[in-house]
Structures are given as C-alpha cells and as structure tokens.
Amino acid sequence: MILVGLGNPGKEYSLTRHNVGFMVVDRLVNQLSGPPWKKERGVLWSKVGAHWIIKPQEFMNLSGPALQSFLAGKQLQPDDSTSLVVIHDDLDFPLGEIHEQRDRSAGGHNGVQSIIEALGAQSFSRVRIGIGNNRDQNIPAENYVLQPFSADEQKIIDEAINRVVDMLADKLQK
C-alpha cells in the first residue's frame, strides 16, 4: 500500500488546517515505529514493512508531479484503487468528520487535482478529513485552510486524526 498525506512543507504551515494529511502520516509513522523520514525526488518518505508512506514536499497544489516522480523513480505502480490512498483536508465536511472514497473527482481540492493530473487517473482511494467550513466565517477558502485550529478545534481534529491512524494501521497489518 502507498499512503500519501497532503500538506504544505515548512514549519509555518505545520499546524494549519491544510496540513491534516501530514499530521495523519506523521502520527502513523510514529505509532508504527517506522524509520525516520528520508527525502528523495521532492517527497519525504518512510517505509513500514512493504508499505510506503509519503509526504510531497512541494506546496499542496503541486503535489502531483513530485508524487509521480517519486513513484516512477521507485518503480511503484499502484495496481488497483485500494493500493494508493491519499489523505487530505476537506472544507465540505464538518470539523473532524471522516469520509473514505474511491475513484472520485478532486471535488475542488487542488492538491488532489494535481495528483489526478500527474498520475492520469483518479482511481485511487481518498481519506477526507473535515476541517470546518470557511463560509460560516466569511473567509476565503485559500486563507481559511492556512489558519491553525483553535484549542477546542484541535481537540476534535486530534480525535479524528487518531481514528484515521487506527484505521490505516489496521489496513497495513492485513
């Protein structure tokens, strides 16, 4: 299995809403006692058993080419819709809500769109984690996703991250 957490590189983005995918894979590697992250071909990666865990190190909207380059360099070809799983934030779901889907359009998520374009397919799985809705606060989406969570929101998102990590760890152990 190939797990890809989406986010933006850099310390200034580490705790923002857009980095929920990075938060999940960081916690997963830690929980599974995976080896330290290595950098290669524009991504950070760790390998747990036969499973690859990847964080593209380009900005979110450019995740696809870095991922595609890494997969090609390692001669990794996802063989079905369950072998590649992309984990990312989603504005369309309430804070902490989790949805797992396969073979869907990007739904307005530019990081996912970048991956679809680079791989030439959308037939992969996605774990979408709700980060709340910018419309309630009348904040443009591009600003909202770069905000950190409030203390109360962080508790909710931490619980969601833990649920996703447990779900993914179960899948990796099957």
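Residues numbered from 1 in each chain as written. Predicted model: local features only at pLDDT ≥ 70, side-chain atom pairs only at ≥ 80, totals over all residues. Heavy atoms only, no water.

Q: Would you explain the pairing of strand S7 (residues 125-130) in this entry?
A: Regular strands show a simple pattern: their side chains alternate between the two faces of the sheet. Most of S7 is tucked away, with six of its six residues classed as buried. Of the two faces of S7, the one lined by Ser-125, Val-127 and Ile-129 and the one lined by Arg-126, Arg-128 and Gly-130 are each fully buried. Two strands pair when backbone bridges link them, and strand S5 (residues 84-90) and S7 are joined in this way by six bridges, in the parallel orientation. In the sheet register, Val-86 faces S7, and the bridge partner there is Arg-126. Bridging between strand S6 (residues 98-102) and S7 involves five bridges; their strand directions are antiparallel. When the bridges of S7 are listed, Glu-100 appears paired with Val-127. (Buried < 20%, exposed > 50% of the residue type's maximum accessible area, 1.4 Å probe, protein only. Helix = DSSP H or I, 4+ residues; strand = E, 2+ residues; numbered from the N terminus. Pairing = 2+ DSSP bridges.)

Q: Can you help me understand the nonpolar core in this one?
A: Here is a general trend for soluble globular proteins: nonpolar side chains tend to be buried in one another's company. Residues Leu-3, Val-24, Leu-28, Ile-87, Ile-129 and Leu-168 are the most contacted members of the largest nonpolar core, which totals 27 residues. If one sorts the elements of this core by residue count, helix H5 (residues 151-172) sits on top with eight residues. Discounting residues that sit within four places of it in the chain, Ile-129 has contacts with Val-20, Val-24, Ile-87, His-88, Asp-89, Asp-90, Glu-97, Ile-157, Ala-160 and Val-164. Counting 20 residues, the second largest nonpolar core, distinct from the first, contains Leu-6, Leu-67, Phe-70 and Ile-115. (Core = buried A, V, L, I, M, F, W, Y, C linked by side-chain atoms within 4.5 Å. Contact = heavy atoms within 4.5 Å.)

Q: Before we go on, may I ask you to explain the packing of helix H1 (residues 20-31) against H5 in this structure?
A: A pair of packed helices is captured by two measures, namely the crossing angle of their axes and the spacing between those axes. Between H1 and H5, the shortest axis-to-axis distance is 9 Å and the interhelical angle comes to 55°. One way to sum up the angle between H1 and H5 is to call them oblique. The way H1 lies across H5 gives a crossing that is right-handed. Side by side, H1 and H5 meet where Val-20, Met-23, Val-24, Arg-27, Leu-28 and Gln-31 of the first sit next to Ile-157, Asp-158, Ile-161, Asn-162, Val-164, Val-165, Asp-166, Leu-168, Ala-169 and Leu-172 of the second. (Axes fitted to C-alpha atoms, helices over the stretch in contact; angles between N-to-C directions. Parallel < 35°, antiparallel > 145°, perpendicular 65-115°, else oblique. Left-handed = near helix turned anticlockwise from the far one by under 90°.)

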